[in-house]
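Spelled out from the first residue to the last, the chains are:
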Amino acid sequence: MSQQTAITPTREQDFPEWYQQVVKAADLAENSDVRGCMVIKPWGYGIWENMQRGLDGLFKATGHKNAYFPLFIPLSYLAKEAAHVEGFAKECAVVTHHRLVPDGKGGLKPDPESELAEPLVVRPTSETIIGATYAKWVQSYRDLPILINQWANVVRWEMRPRVFLRTAEFLWQEGHTAHETEAEARAETEQMLAVYAQFAREWLALPVFTGEKSAGERFPGAEQTLCIEAMVQDRKAIQAGTSHFLGQNFAKASGIQFVSRENKQEFAWTTSWGVSTRLIGTVIMAHGDDDGVILPPRIAPAQVVILPVAPKPEMREAVFAACDALAAKLRAQSYGGEAVRVEVDKRDLGGGQKSWEWIKRGVPVRVEIGPRDIEKGTVAVARRDRGHKEKAFPTAEEFVGGITATLGEIHATLMDRATMLRDANTVKIETKEEFTAFFTAKGKEISGGFAFAHWDGTAETEAEIKDALKVTIRCIPSDSPAEDGACVWSGRPSGRRVLFAKSY
RNA sequence: CGGGCUGUGGCUCAGCUUGGUAGAGCGCUUCGUUCGGGACGAAGAGGCCGCGGGUUCGAAUCCCGCCAGCCCGACCA
């Protein structure tokens, strides 16, 4: 059997279908019997565990601690903040009963006698319940700041689920902090955005634009939403992380009050920030190729896979021993401050089939060891960022000694490719005609990419553009210089450019 | 929640128009030959044909009802 690519269709032919096929071929996740919910399989979950470890380290390093708050939120809590309700009410799962009884048809139904006095909402996000808790914890300015993160699942009843990118239930982290002053809370919001941008670059090999959301794209209840935006290979934007300055909105809604240094009652200033399993989808779409996933080494569950080649059964033992010995030497090396992660694949499968499995899964480095290698003291090495037939034959010592550098090079390659893709498809646009042409699909092209253009700052213009072209303001870039110009849509005066794109 | 479509071994589907013993490919199991780039042969296992009712000597197939899922339109990390 010979195929051009491991994944059909190719990215070029049908990007959304390619994505689904990659998720399946790489054994990352599958749809469950529950609509909109996914089963994250060990390889996919391994990626999430590595993301968690990386982020958790960065959170701890910036003074945060983990805690856990309830899955269920009393309905009345959610109703406390008006904008928040409006944002989330449409997509909430609600628990109304606490007991089942036979339905008389061989099944079960909620016991009408067990209806809850107050329905519970399965958290779509936890601002309200955490706010209610902080209200109890905070009495004095001496109790601030509170710097807490939680790793949790949340539920948003989505109409259009897509594995990892948009599912009814997903895993994430949500940081929730409370501060004495506005300045401190704003600094926290920015600090965590910087953490996300650093994580995207250093762990995910993903260049990101940072900036602020327009009022229309803001988190419900926030004063200001900051975000990181990445470009994936169909040139659409994906929001990879958000950090919100919540002002005193939630403090007022939940009663987070304290006695200040001046002995006055004041409301705290709060923030929240989060990234989710959507990052896995982002990585797939940003780095994958027509043979499957390509994982940035720092989040790869296995960074090196060793494939024993034993043509004759009587060689197996010797080959396995050589593989185990190599694995041990590799594990003594480190990359990104952690021991190199190595897997020896001893399954009794055809060699080609095995190799292709690991290619599709995106393991950064594959090594084959057979009798000839043992004799010569060499190994056969293939890298996932290069062609699948391209092999190098270093000595085992050279290979082990160079593994840290090799993983670093692969990370750099991915970063470079993603940066080139983004830069090649990011343009400045001045006129409505150009703008429309840029975002109008020609042939099989999906999207023009990112456009920096002037915007008059009104919600009307923003909505018109969205209606006309399905293009949104991804962010008002944090580092964009003031520049006088005319709005690309309305022609009205504008003081700076914003980032437009089609998005996930 | 409005419009279109589909429910048949683990997966993808054929069979239904014109009722007559449930099929294929892939996957799985065993054995043999293979194994340095997605192997081949042989033999097997596996099905309340979505659910309920009706018509009929006889229903995967025809009729009615229900349920579930998929695709398209308004929201979203």
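What counts, and where the lines are drawn
- Residues numbered from 1 in each chain as written.
- Chains lettered and ligands numbered in written order.
- Predicted model: local features only at pLDDT ≥ 70, side-chain atom pairs only at ≥ 80, totals over all residues.
- Heavy atoms only, no water.
- Helix = DSSP H or I, 4+ residues; strand = E, 2+ residues; numbered from the N terminus.
- Rg over C-alpha atoms; globule rule 2.2 N^0.38 Å.
- Areas by Shrake-Rupley, 256 points an atom, 1.4 Å probe, with all protein chains shown as cover.
- Pairing = 2+ DSSP bridges.
- Axes fitted to C-alpha atoms, helices over the stretch in contact; angles between N-to-C directions.
- Contact = heavy atoms within 4.5 Å.
- Parallel < 35°, antiparallel > 145°, perpendicular 65-115°, else oblique.
- Core = buried A, V, L, I, M, F, W, Y, C linked by side-chain atoms within 4.5 Å.
- Buried < 20%, exposed > 50% of the residue type's maximum accessible area, 1.4 Å probe, protein only.
- Domains from an automatic or database assignment.
- Salt bridge = Lys/Arg side-chain N within 4 Å of Asp/Glu carboxyl O.
- Polar contact = N/O pair within 3.5 Å; in protein donor to acceptor, adjacent residues only side chain to side chain.
- Phe/Tyr/Trp six-rings, centres within 6.5 Å; stacked < 30°, edge-to-face > 60°.
- Lys NZ or Arg CZ within 6 Å of the ring centre and 35° of its normal.

## A short note on the overall build of chain A
A tally of helices and strands in chain A yields 14 helices and 28 strands. Against the compact-globule benchmark of 23 Å for 504 residues, chain A has a radius of gyration of 26 Å, which places it among compact chains. In terms of its C-alpha atoms, chain A occupies a principal-axis envelope of roughly 80 × 65 × 60 Å. Taken as a whole, chain A presents about 22700 Å² of accessible surface, with 52% of it coming from carbon and sulfur.

## A short note on the sheet that holds strand β21 (residues 365-369)
Either a parallel or an antiparallel arrangement is found when strands of a sheet pair, and the pairing is made through backbone hydrogen bonds. Pairing within the open sheet is mixed, and its four strands lie in the order β20-β17-β21-β22. A strand with exactly one partner marks an edge of an open sheet, and here the two such strands are β20 (342-344) and β22 (380-383). If you compare each strand with its neighbour and ignore which way they point, the axes differ by 20° on average. In terms of strand pairing, β21 meets β22 through four bridges, oriented antiparallel. The residue bridging R366 from the neighbouring strand is A382, located in β22. Where helix α9 (residues 316-331) meets the sheet, its contacts fall on β17 (304-308), β20 and β21, and the angle it forms with β17 comes to roughly 165°. Its contacts with the sheet put helix α12 (residues 396-424) on β17, β21 and β22, and the angle it makes with β21 is roughly 145°.

## Focus: the packing of helix α2 (residues 42-61) against helix α8 (residues 278-287)
Relative orientation and spacing of two packed helices are given, respectively, by the angle between their axes and the distance between those axes. Closest axis-to-axis distance for the α2/α8 pair is 10 Å, and the angle between their directions is 105°. In terms of axis orientation, α2 runs roughly perpendicular to α8. On α8, the residues that touch G44, I47, W48 and M51 of α2 are L279, I280 and V283.

## A few points about the nonpolar core
Counting residues in each nonpolar core, the largest one holds 58 residues, and the members touching the most others are L28, M51, F164, L204 and I284. Shared between two domains, this core takes at least three residues from each, and those domains are domain 1 (15-287) and domain 2 (304-406). Apart from residues no more than four positions distant in its own chain, I284 is found in contact with W18, Y19, V22, V23, L28, F164, Q233 and V293.

## Points about helix α10 (residues 351-361)
What α10 keeps buried is the set K354, S355, W358, I359 and R361. Among the structural elements, α2, β17, β20 and β21 are those in contact with the buried residues of α10. Once α10 finishes, G362 follows within two positions and takes phi at roughly 90°, a positive value.

## Observations regarding the pattern of salt bridges
Overall, the coordinates contain 25 salt bridges when judged by the stated rule. Measuring nitrogen to oxygen at the nearest pair gives 3.2 Å for the salt bridge that ties D27 to R361. Placement of D27 in the loop between α1 (15-25) and β1 (29-31) and of R361 in helix α10 is noted, with a sequence separation of 334 residues between them. For R422, the salt bridge is made with D423, and the minimal N-O distance between the two is 3.5 Å. When salt bridges that share partners are traced, they join D27, E30, K41 and R361 into one network.

## Focus: the sheet that holds strand β5 (residues 94-97)
If you trace the three strands from one edge of the open sheet to the other, you get β4-β8-β5, paired in antiparallel fashion. If you trace the sheet from one side to the other, it starts and ends with β4 (72-74) and β5, each paired once. Strand-to-strand twist in this sheet, taken as the mean axis angle between neighbours without regard to direction, amounts to 40°. Where β4 and strand β8 (residues 115-122) come together, three bridges link them in antiparallel fashion. Among the inter-strand pairings, P74 is bridged to a residue of β8, identified as L120.

## Quick word on the domain arrangement of chain A
Its domain assignment divides chain A into domain 1 (15-287), domain 2 (304-406) and domain 3 (426-501). The centre of domain 2, based on its C-alpha atoms, is set 48 Å off from the matching centre of domain 3.

## Considering the environment of T225
Relative to the helices and strands, T225 is located in strand β12 (residues 224-231). Taking the relative accessible area as the measure of exposure, T225 reaches 1% and is therefore buried. A sequence separation of 14 residues divides T225 from G211, and the C-alpha atoms of the two residues are 8.6 Å apart. When near neighbours in sequence (up to four residues on either side) are disregarded, T225 contacts G211, E212, K213, R218, F219, T242, S243 and H244. Within the local environment of T225, its side chain forms a polar contact with the backbone nitrogen of F219, the two atoms lying 3.0 Å apart. In terms of polar contacts, T225 uses its side chain to reach the side chain of H244, at 2.8 Å.

## Things to note about the pairing of strand β24 (residues 450-454)
Burial runs high along β24: five of the five residues are buried. The alternating pattern of β24 places F450, F452 and H454 on one face and A451 and A453 on the opposite face, and all of these are buried. Where β24 lies against strand β28 (residues 497-501), four bridges are found, and the strand directions are antiparallel. Paired with H454 across the two strands is R497, which belongs to β28.

## Comments concerning the packing of aromatic side chains
Scanning all chains against the criterion turns up 19 aromatic pairs. Clustering of aromatic rings is evident, with ring pairs tying together W48, F59, W151, Y196 and W273. Positioned above the aromatic ring of Y504, the side-chain terminus of K236 is 4.8 Å from the ring centre. When the ring centre of F209 is taken as origin, the NZ or CZ atom of R422, which lies over that ring, is 4.1 Å away.

## Looking at unusual backbone geometry
With an omega of -5°, the peptide bond running from T8 to P9 counts as cis. Considering the arrangement of structural elements, one finds P9 in the segment before α1. The omega angle of the peptide bond from L144 to P145 is -5°, so this bond is cis rather than trans. Along the chain, P145 turns up in the loop between α5 (127-137) and β9 (146-155).

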